[in-house]
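Chain residues, written in single-letter form:
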Amino acid sequence: MSFDFIKSCFYEFLSYFVPQKINYKIEGKCLKCGECCRQIRSRGLKNNTELKFMQFILPHYKRFFITGKDEEDNLILSCKFLTDDGKCSVYNSRPQVCRNYPAKHIPYNAEMIEGCGFKVIKKEFKDYL
Ligand code: SF4
Ligand code: SF4
């Protein structure tokens, strides 16, 4: 039994524990359009009851209200602190999630809003090998 074979079995074994074989890197700059606060993809929230639960356990969710649903039935939210001209009216006290957006590396299926100044750069699993 060669070392390479053991190594290959080991990598095969590890591959079952990699949740997704693609990672994403975000590049670009913000154009300050405010669309990411107007069309927030909730990733997994399907109805008002689930949103209320999130608002209970994560109070910063209380600023969000439902504006629609995406093609996968996830809620699309908007923020009550967004001004008509696309600015944040509580910029200095905005929550951490807003400060971090968009995260530089995202481990799940990432997409930016159309017209956003940031772009998603896909990295294949082989790029890490
Ligand atoms: S959608 Fe993109 S460009 Fe527009 S405010 Fe959000 S991060 Fe900036
Ligand atoms: S708090 Fe400000 S930055 Fe955060 S979603 Fe609302 S408007 Fe956008």
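Since the structure is predicted, the reported quantities are computational estimates derived from the model, not experimental observations. (Residues numbered from 1 in each chain as written. Chains lettered and ligands numbered in written order. Predicted model: local features only at pLDDT ≥ 70, side-chain atom pairs only at ≥ 80, totals over all residues.)

Draft legend 1. Just the overall build of the chain, in detail. Each helix and strand in the chain was counted, giving four helices and six strands. Starting at the N terminus and walking to the C terminus, you meet the elements of the chain as α-β-α-β-α-β-β-α-β-β. Within the span of the chain, comprising 129 residues, buried residues form 5% of the whole. Contacts in the chain between residues far apart in sequence, at least 24 positions, make up 66% of those at least 6 positions apart. (Helix = DSSP H or I, 4+ residues; strand = E, 2+ residues; numbered from the N terminus. Buried ≥ 20, exposed ≤ 12 C-beta atoms within 10 Å, placed from the backbone. Contact = placed C-beta atoms within 7 Å.)

Draft legend 2. Geometry of the nonpolar core. Counting six residues, the largest nonpolar core is built from Cys37, Ile40, Leu45, Phe64, Leu75 and Leu77. Beyond its immediate chain neighbours, meaning those up to four positions away, Leu77 contacts Ile40, Ser42, Phe64, Phe65, Ile66 and Thr67. (Core = buried A, V, L, I, M, F, W, Y, C linked by C-beta atoms within 7 Å.)

Draft legend 3. Representation of the site of ligand 2 within the structure. Taken together, Cys37, Arg63, Cys79, Phe81, Leu82, Cys88, Val90, Arg94 and Cys98 are the residues near ligand 2. Split into classes, the residues belonging to the shell around ligand 2 amount to seven nonpolar, no polar and two charged. (Near = placed C-beta within 6 Å. Nonpolar A, V, L, I, M, F, W, Y, C, P; charged D, E, K, R; others polar.)

Draft legend 4. Structural detail: the pairing of strand β3 (residues 64-69). Where β3 meets strand β4 (residues 75-79), five bridges bridge the pair, whose relative direction is antiparallel. Bridging from a neighbouring strand, Phe65 pairs with Ser78 of β4. (Pairing = 2+ DSSP bridges.)

Draft legend 5. Structural context of unusual backbone geometry. The omega torsion across Tyr101 and Pro102 is -10 degrees, close enough to zero to call that bond cis. Here Pro102 is to be found in the loop between α4 (96-100) and β5 (105-106). The backbone phi angle of Asp73 is positive, close to 75 degrees, even though this residue is not glycine. With respect to the helices, strands and loops of the structure, Asp73 is situated in the loop between β3 and β4. Using a count of 10 C-beta atoms within 10 Å as the deciding quantity, one classes Asp73 as exposed.

All quantities given are derived from atomic positions and should not be read as evidence of function.
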